[in-house]
Amino acid sequence: MLLNLKSIMELAEEKNIAIGTFNGPNFESIKAVINAAEELDQPVVLTHAQLHEDWGLCRIDEIGPIMLFMAKKASVPVCVHLDHGTDLDYVKKGLDIGFTSVMYDGSELSLEQNVENTKKVVEMAARTGASVEAEVGSMGARDMGKGDGGEGSIYTDPDVAKWFVEQTGVDALACAFGSVHGLYMKEPKLDFDLIRRIKAKIDVPIVMHGGSGVSDEDYRNVIKAGVRKINYYTYMGKAGANAVSEMKDKTYFHDMAHTAELAMKENVKRIIKVFSNL
Ligand code: 13P
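Per-chain numbering applies: the sequence of each chain, read as written, is numbered from 1 onward. Under the rules for a predicted model, residues below a pLDDT of 70 receive no local features and side-chain atom pairs below 80 are neither given nor counted, while totals for whole chains, interfaces and linings still include all residues. Note: side-chain values were computed over all heavy atoms of the structure, leaving out hydrogens and water.

Looking now at the nonpolar core. Nonpolar cores are built from buried Ala, Val, Leu, Ile, Met, Phe, Trp, Tyr and Cys residues. Side-chain atoms within 4.5 Å join them into one set. Partly exposed describes any residue whose relative accessible area lies between the buried limit of under 20% and the exposed limit of over 50%, with all areas from a 1.4 Å probe on protein chains only and scaled to the type maximum. Ranked by internal contacts, the top residues of the largest apolar core, which has 69 residues, are Phe22, Leu173, Phe177, Val222 and Ile230. With seven residues, the single largest contributor to this core is helix α2 (residues 27–40). Those residues in contact with Val222 that sit more than four places away from it in its chain are Phe177, Leu190, Phe192, Ile195, Met208, Val227 and Ile230. Counting residues in each nonpolar core, the second largest holds 15 residues, with Ile8, Met139, Ala172 and Ala174 among its members. Think of it this way: any DSSP run of H or I at least four residues long counts as a helix, any run of E at least two long counts as a strand, and we number them from the N terminus. Contacts are assigned to residue pairs that have any heavy atoms within 4.5 Å of one another.

Here the focus is the packing of helix α5 (residues 88–97) against helix α6 (residues 111–126). It is the contact of α5 with α6, at a shortest axis distance of 10 Å, that shows an interaxial angle of 20°. Between α5 and α6, the interaxial angle falls into the category roughly parallel. The crossing of α5 and α6 is right-handed. Across the interface between the two elements, Leu88, Val91, Lys92 and Leu95 of α5 pack against Asn117, Lys120, Val121, Met124 and Ala125 of α6. The convention used is that axes are lines fitted to C-alpha atoms, helices contributing only their stretch in contact, and that angles between N-to-C directions extend from 0 to 180 degrees. Angular relationships are summarised with four words: roughly parallel below 35 degrees, roughly antiparallel beyond 145, roughly perpendicular across 65 to 115, and oblique for the angles in between. Crossing handedness follows the turn of the near helix against the far one: under a right angle anticlockwise gives a left-handed crossing, and clockwise gives a right-handed one.

The term salt bridge refers to a side-chain nitrogen of Lys or Arg lying within 4 Å of a carboxyl oxygen of Asp or Glu. A complete count under the given rule lists 14 salt bridges for this structure. Between Glu13 and Lys199 there is a salt bridge; the shortest N-O distance is 3.7 Å. Of this pair, Glu13 sits in helix α1 (residues 5–15) while Lys199 sits in helix α8 (residues 192–201); the two residues are 186 residues apart in sequence, bridging distant segments of the chain. For Glu13, a relative accessible area of 33% puts it in the partly exposed group. Between Glu133 and Lys229 there is a salt bridge, with its nearest N and O atoms 2.7 Å apart. One end of the pair, Glu133, is in strand β5 (residues 131–136); the other, Lys229, is in strand β10 (residues 227–231), with 96 residues separating them in the sequence. Linked by salt bridges that have partners in common, Glu13, Lys199 and Arg228 make up one network.

Time to look at the pairing of strand β2 (residues 44–49). Burial runs high along β2: six of the six residues are buried. By the alternation rule, side chains of β2 split into Val44, Leu46 and His48 and Val45, Thr47 and Ala49, which are all buried. Paired strands, as defined in this entry, are two strands with at least two bridges between them according to DSSP. Summarising the sheet, strand β1 (residues 19–23) and β2 pair through three bridges and their orientation is parallel. What sits directly across from Thr21, in β2, is Val45. Look down the strands so they point away from you; if going from the first strand over the helix to the second traces a clockwise path, that crossover is right-handed. Following the chain from β1 across α2 to the adjacent parallel β2, one finds a crossover that is right-handed. Taken together, the six bridges between β2 and strand β3 (residues 78–85) define a ladder with parallel strand orientation. The residue bridging Val45 from the neighbouring strand is Cys79, located in β3.

Right, dumping it as structure tokens:
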């Protein structure tokens, strides 16, 4: 069933868990995510990132309706979310297609400009009942292929987070506390105390990006500290690729795609179990 992010976050808050948020850049990854969530009977967030189009993958108007179709027929709550929308026109496109949540990422702009644009997104989303996530602070490079190992990170200031949420009325806030997108160049050092200090100041759920490569213990600790949504994709994509590279017979692409789907599903199931305390 299709839900917006706000409703899914309420389920997370009730149970003190984090909802896994996974990219669906093609049909196999969409199926992997939804089937994993259904097999564990857990809610999930399925995302399309604006960046996928730069990689030459499916466009939002092509893959978006498929994501929505799969979400509607799922037996578990699924939110269809735009990840790291950096252009207002692109965010609008997602809302017009029917996405139930959008992330506007103005983290590379001045704080004032980030607030101004995020307010416009909140207004647009209110017309369709979609939820809005925004980002304060910065996790550095957005591109998992060009992860900067956290060098470009600017940790979120709890007072700024509070001000930003009050100014914009967002439903969830992505915060920087030591996680980075893509492959870690060195072991991540997450600032759990910072998460607690942000949580004490804001009344909307905290989102962690760059979920791949974090230990199970650290996942449990960020959730205990207050994180309610964890974005995870790099290791899921790698799990699919590793399974294909181990195949003896690579004659047909459909077999490779199916093998990747099953491996991604198992990877997602393992992570959902940790996030949901199962
Ligand atoms: P990883 O690919 O590092 O798991 O991060 C995903 C993410 O944060 C997408 O927004």
